[in-house]
Amino acid sequence: MIERYTRPEMGRLWTLENKFRTWLKVELAVCEAWHRLGVIPARDMEQIRTRADFDLERILVLEERVKHDVIAFLSAVEEKVGTESRFIHLGCTSSDITDTANAVLLTQAGELIDQGLSRLLEVLETLARKHKGRLVMGRTHGVHAEPTSFGLKMAGFFAEFKRHKGRWQGALAGIRFGKISGAVGTYAHLDPSVEDIACQILGLHVDPISTQIIQRDRHAHYFTVLALMAGGVERLCIELRHLQRTEVLEVEEGFGKGQKGSSAMPHKKNPISAENLAGLSRLVRTNALAAMENMALWHERDISHSSVERVIMPDSTILMDYMLHRLAGVLEKLRILPENMEQNLKSSYQLFFSQRVLLALVASGMERGPAYDVVQKIAMRCWEEKKQFPEAVRADKGIGARLSRERLDEIFDMGYYLRQEDLIFKRVFS
């Protein structure tokens, strides 16, 4: 399913071909650095630029024999370059190439994910502004609480994903680091200027200190932010799923012509996209734990992180890119049902006015405890007898002795609940 919906640019990024192409870019950047420092003669450098290439199948054949992907890659490149290949990989260790290449790939993947965040934010803002002032029943614990607006619901999700975008910018800044420092990070066979020049060519910063690898807290940060983002996707999807329940039915996912909801029940229209996305978010969060487990390596480096990253780097970035765009698509086609929103507001006998009555009684001089008991008693009777709360309050002589008819008219004004909506929107969208 994911392959079907993966955007081409993200899919191509994590192909074997592109991985080795990125390794080659790193090797060439290192060669360019050695050339600028006078180690590689101009003629040899020109031959390297012209001939440096590989055949993917040849790498795979060589790797089957040597059991080392970087050596297989280098051997395939050497076959293309010839004698000048003696300058390729000069002073480097494998992780100089792979870690730096991964920084390039994760940065590129991160920029694509950032585009998805921007699209989702745009859709959420459009929904929020379009439905500003549209009263809906607010719920806590799944139970009717007090009215809010559908615009405020969407504004709340916008604010969260704006925070995700800010965190993502920090994660991208933290992963954009390369290293060309040798076997244990001491530059024993390298000039630190090689690292400076190569990273500059590749658009990376130099890691101030590395061992054989770039330390994995940078990667853990990156994947943890993805996990938080996935949590935000699931939170929004759970809201959509609840709102599509038959008993609520305030919104529906788009349902295309010819689409089927159930193999057994022809009447079904299910929130399948929201459910799919809720499930996928669990994978992204699981991968974040794997990234954190990768932080603790033996001494200057072991290889236990490598196999994990071959899975989680493409999986998490592809998944998140897919999830953001699929969610944006769901929201763009979301069917809003205002008549059901209005009906749900009425379905609990307008008991949501209870706090307004309570506070008005307190303001009239009544102690809070007794006031609470009076209002609760009326509210419970309305539940049992299926009576409208405002009518029961107006009929209560004790309340009538404290609150005038005009005051009760003010209390039962629905517009009261959105009197601060403009302020909240200004805070969120300023």
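In what follows, the structure referred to is the one given above.
Keep in mind that this is a model prediction, so the values were computed, not measured.

### Examining the nonpolar core
- Ranked by internal contacts, the top residues of the largest apolar core, which has 64 residues, are Phe-161, Trp-168, Met-229, Met-323 and Leu-331.
- Excluding residues within four positions of it along the chain, Trp-168 makes contact with Gly-110, Ile-113, Asp-114, Leu-117, Tyr-222, Val-225, Leu-226 and Met-229.
- The next biggest cluster of nonpolar side chains, apart from the first, holds 39 residues, and it includes Val-70, Ala-72, Ala-76 and Leu-204.

### Re the environment of Ile-399
- Structurally, Ile-399 is set in helix α17 (residues 397–402).
- Between the C-alpha atom of Ile-399 and that of Val-357, which follows or precedes it by 42 residues, the distance is 9.0 Å.
- In this structure, Ile-399 is in contact with Val-357, Leu-361, Val-374, Ile-378 and Val-393, ignoring residues within four places of it in sequence.

### Structural notes on the side chain of Ser-95
- Here Ser-95 shows up in helix α7 (residues 94–130).
- When sequence neighbours within four positions are dropped, the list of residues in contact with Ser-95 reads Thr-100, Lys-179, Gln-212, Ile-213 and Arg-301.

### Looking at the pairing of strand β2 (residues 143–149)
- By the bridge criterion, five bridges tie strand β1 (residues 135–140) to β2 in an arrangement that is antiparallel. Bridge pairing in β2 places Thr-140 opposite Val-143.
- Where β1 folds back onto β2 in an antiparallel hairpin, the turn is made up of two residues, including His-141, whose phi is positive at roughly 60°.

### Things to note about the layout of surface pockets
- The calculated volume of the largest pocket comes to roughly 600 Å³.
- For the largest pocket, the lining is made up of 26 residues, of which Lys-19, Trp-23, Asp-69, Ser-306 and Arg-310 are closest to its centre.
- Elements with a contribution of two residues or more to the lining of the largest pocket: α3 (16–36), α6 (69–81), α7 and α12 (304–332).
- Taken as a whole, the second largest pocket spans an internal volume of roughly 500 Å³.
- At the level of secondary structure, the elements contributing two or more residues to the lining of the second largest pocket comprise β2, α14 (354–363) and α15 (368–385).
- When residues of the lining of the second largest pocket are assigned to their parent elements, the largest contribution, seven residues, is made by α15.

### Description of helix α13 (residues 338–347)
- Listing the buried residues of α13 in full gives Met-341, Asn-344 and Leu-345. The buried side chains of α13 occupy one side of the element, clustering within an arc of 105° when seen end-on.
- On the buried face of α13, the contacting elements are β1, β2, α8 (150–175), β5 (251–252) and β6 (335–336).
- Taken from the residues just after α13, Tyr-349 is the one with a positive phi, measuring 60°.

### Things to note about the packing of aromatic side chains
- The tally for this structure, following the rule as stated, stands at 15 aromatic pairs.
- Note on Phe-54 and Phe-73: the rings are 6.0 Å apart at their centroids and 65° apart in plane angle, and the pair reads as edge-to-face. With Phe-54 in the loop between α4 (42–51) and α5 (56–66) and Phe-73 in helix α6, this residue pair connects regions lying 19 residues apart in the sequence. For the pair formed by Phe-54 and Phe-73, the shared burial category is buried.
- Ring centres of Phe-352 and Phe-353 lie 4.7 Å apart, and the angle between their planes is 45°; on these two criteria the pair is classed as tilted. Considered together, Phe-352 and Phe-353 belong to a single accessibility category, that of buried residues.
- Counting every residue linked through ring pairs, the aromatic cluster contains Phe-352, Phe-353, Phe-412, Tyr-416 and Tyr-417.
- We note Arg-218 situated over the ring of Phe-177; from NZ or CZ to the ring centre the distance is 3.8 Å.
- Stacked on the ring of Tyr-416, the Lys or Arg Arg-356 has its end atom at 3.4 Å from the ring centre.

The rules behind these values
- Residues numbered from 1 in each chain as written.
- Predicted model: local features only at pLDDT ≥ 70, side-chain atom pairs only at ≥ 80, totals over all residues.
- Heavy atoms only, no water.
- Core = buried A, V, L, I, M, F, W, Y, C linked by side-chain atoms within 4.5 Å.
- Buried < 20%, exposed > 50% of the residue type's maximum accessible area, 1.4 Å probe, protein only.
- Contact = heavy atoms within 4.5 Å.
- Helix = DSSP H or I, 4+ residues; strand = E, 2+ residues; numbered from the N terminus.
- Pairing = 2+ DSSP bridges.
- 1 Å grid on protein atoms, 1.4 Å probe; cavity = no way out; pocket = protein on both sides within 12 Å on 5 of 7 lines; lining within 4 Å.
- Points joined across faces, edges and corners; volume = space filled by probe spheres on them.
- Arc of directions from axis to C-beta.
- Phe/Tyr/Trp six-rings, centres within 6.5 Å; stacked < 30°, edge-to-face > 60°.
- Lys NZ or Arg CZ within 6 Å of the ring centre and 35° of its normal.

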